[in-house]
Every structure is written in structure tokens, then in C-alpha cells.
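A look at the structure
Now for the letters of each chain:
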Amino acid sequence: MIPLEVVEFDHDPRLAREYLNLTRRVHAGDPQWIAPLERVIRAQLAPSHPFYRSPGNRYRGFALRRGGEMVGHVLATVNADLVDSGGPVGALGFLEVEPDYELFCALLEPAIEWLRDVAQARQIWATMDLDIWHGYRVMTRGFTEPAFFGEPRNAPWLPEYLERLGFAVKKRWLSVTTSREYLAGRALHFECRYESALAAGYRFEHLRLKDAQEIAALHRAVSLAFESFDGYTPISIEEFKTLVVGYLHFAGTDLLTGLRAPNGVLAGFSFAHPDPVDALRKLAGHDDWLNRLRLLRKPRAHRALYYMVGVLPEARAHCEGLGSALVYKTLQLILQGDYEHTILALAAEDSPARYFVMDQMAAAEREYALYQMDC
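These numbers come from a predicted model, not from an experiment.

On to the packing of helix α4 (residues 101-118) against helix α5 (residues 158-165), then. Viewed as axis vectors pointing N to C, α4 and α5 meet at an angle of 55°, and their least axial separation amounts to 11 Å. Here α4 is positioned oblique relative to α5, judged by the angle of their axes. Relative to α5, the crossing made by α4 is right-handed. Across the interface between the two elements, Tyr 101, Phe 104, Cys 105, Leu 108, Glu 109 and Ile 112 from α4 touch Leu 158, Tyr 161, Leu 162, Arg 164 and Leu 165 from α5. Here the residues of the contact of α4 with α5 are counted per class, giving nine nonpolar, no polar and two charged.

See the structure below:
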């Protein structure tokens, strides 16, 4: 038997490259898997990333080798801003391992021990790459469905392995595919809310994501709207520009909507966009200048993704139904486009957004979960 070796590390660009190669090897037989952009992953694992320079944050990497070859990788982290049940929360992210439960245990057990005994975590969440602004959650159902941009994708055996090791589901999410006809019918239900919002002096405008003041206002709005969300931690304006604004620019901004209060302040937002998954596949994980040239003629998106809607607390208190009004406006924009269908993406089990497609939830073809282990 070839011996196993666990290598602990803080930052190592060579191991980051091996991790990316491992992801390709593990998912080589999955036609739905989309290679992550190597430049992005390397930046997230580099010591210059803001997470590692934030006071109080702790981290430790673990690589599993067999005969000198990496067969597993995980990063254990503690975010100082993330506290649940009165104590620090640890997380396991950038997790990849070959499909063998013994290898899985050999990789995760020392990471869990470090989080529990050294970092003093009271809970451990899996999976989460640094925080919820980066990749997190585990796909539990829908592995044969066509992947969409931003969807959590992992090996089908990962949920079973986590549960065997002692993790339990903390929270679930669903994604639902809807037709144009269905969206048109649902939009009618919210038209009255839209008209009421207009009558109250609210305006619905395209978000200007090349304007610095607009980006700052959106950063504030997103932070306030989701500060009570499970796992929320603050995000700097610089990281917001990189993660959220950069993400939306790549996907497309035509379906984005901002809600303006009567005084002109940004009071809400709605994020929908064309699914650029075909463009991402063309990049195949490489977004250097040469590969970007291949996207000068970006493939037409055949479906839209509807990710989130948020309204600031003060606006909700001032006028009822603003969230529904934003949904109406967004659905109208989607219906004006040439999309074959739309995915309501990653709706949490306790999210008000589920109300919009409640009659479709039983038929949801995709499910995801965040797992937790108590220390």
C-alpha cells in the first residue's frame, strides 16, 4: 500500500497549482463540471488576499499526498466576523479529494482537529471558501442537470461522505427552472405592487455599474439587506467591486434593476442576468488575454438566471410590497429578452423569494446544502 502524507501549509503557490490540477482530474468524467478560473482561485489562495490580512482571521491548509501526488486539498478557516451560537465558526473550503472515503477522512480529520483544538471553533461549516461572498454550499441533488454560472458543483458522493463523518445539514437551497409562459403568469400577480410603488414615488432604474457612486450605494444596499442572512460577514467596497460587480459585468447587466426612493436614494436592487455558462466553458479555466479574445463573440445566452432581490429596511417600513414590485420589473425585463427559460437560482428554504414560485418548488430539480458539525 502506498503511504499517505498530510502536508500542512499557510500559502504555497505550487500547492495551489496542484490543487487546480486535482480539481480537473477529479471532475474529468463529469460533462456538467465547469473549470474554475485559475487566476481567480490562485488570487484567493495567495497571502495578499484580504481575508488573510484581516485581524483575527485564522487559516490552515492541508494537502494529502499519496506517493508524492496530491489526492486531496482543503483549507480550514475561521472568520473573526462569523460567530454562531456564541462562538467562532470554522469552515472547510477549497475542498477536493479523490473518490475514496478513507482518503476523505485522512484529509479532513486533521483539518477538523485544527479547527477544534487550535482555532477553538465551536462549529464547523462545509463547504465555504473563506466566506459566503465566495463559493459555498454543497450540491445534493441535480448532478445531471446542465450547470449554470455560479452554481455550486461538487462530486455526487460528497454529501454522503460529509454525513458519514458527522456533518448534518444546517440549511438547504433550491433552484427552479421556469418557462416564459410561467413567468408571464406570475408577473401578473405582482403588477399591482409595481403600480403602487410608482404611485408612492418610487422609481425603477437600470443599475449603473460603471459609476463609482452607484457602486458605493449598491454596496451599502446589499450589506443592509443581507446583514441578517445566515453566515453574513461584512465585505469591503474593494472586495465588493471584485466579487459582485466583476461577476455582474462578466454575466451581463441588462437585467439589473435598482429601486429609487422618492428622495433618490437607492432603496433596493434586483439581480438577474443572462447565463454566460457557455462563455465560461470556452475559457476552460484560463482567462488570459489570448483566451479572452475567444470571447469577443460571446455565445448567446439561452436562459436567464434570477439570483436575488433585496429592499432596505427603511424602505420596507415606508411602503409595502416593494420586493414584489422589483420582481415584477425584473420579470418584465426577462420576458422582453429572447430566453428559452429562466432559473430562480439558489433560493433558501426560508427565503421570501420562494413565494414567487411556490407551486414549482416541489418539482425543483436542484438542491444544495450547507453542512455543520458541532465541536
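Read on, since the account is not over.
Residue Thr 127 is reached from Ala 126 by a cis peptide bond, and omega for that bond is -10°. Here Thr 127 shows up in the loop between β5 (123-126) and β6 (138-141). The backbone of Arg 137 shows a phi angle near 85°, a positive value even though the residue is not glycine. Of the residues examined, Arg 137 reaches a relative accessible area of 12% and is grouped as buried.

On to the environment of Glu 367. Within the secondary structure layout, Glu 367 lies in strand β13 (residues 366-374). With 103 residues separating them along the chain, Glu 367 and Gly 264 place their C-alpha atoms 38 Å apart. Each residue touching Glu 367, except ones within four places of it in the same chain, is listed here: Val 138, Met 139, Thr 140, Arg 141, Arg 172, Trp 173 and Leu 174. Of the polar contacts made by the side chain of Glu 367, one reaches the side chain of Arg 172; its length is 3.2 Å.

Our focus in this paragraph is the nonpolar core. Counting 47 residues, the largest nonpolar core has Trp 133, Leu 207, Leu 218, Phe 240, Phe 269 and Phe 271 as the members making the most contacts within it. For this core, the secondary structure elements donating two or more residues are β4 (87-97), α7 (212-226), α8 (237-251), β10 (266-274), α9 (277-283), β11 (303-311), β12 (341-348) and β13. Broken down by element, the residue count for this core peaks at six residues, all from α8.

Quick notes on the rules
Residues numbered from 1 in each chain as written. Predicted model: local features only at pLDDT ≥ 70, side-chain atom pairs only at ≥ 80, totals over all residues. Heavy atoms only, no water. Axes fitted to C-alpha atoms, helices over the stretch in contact; angles between N-to-C directions. Helix = DSSP H or I, 4+ residues; strand = E, 2+ residues; numbered from the N terminus. Parallel < 35°, antiparallel > 145°, perpendicular 65-115°, else oblique. Left-handed = near helix turned anticlockwise from the far one by under 90°. Contact = heavy atoms within 4.5 Å. Nonpolar A, V, L, I, M, F, W, Y, C, P; charged D, E, K, R; others polar. Buried < 20%, exposed > 50% of the residue type's maximum accessible area, 1.4 Å probe, protein only. Polar contact = N/O pair within 3.5 Å; in protein donor to acceptor, adjacent residues only side chain to side chain. Core = buried A, V, L, I, M, F, W, Y, C linked by side-chain atoms within 4.5 Å.

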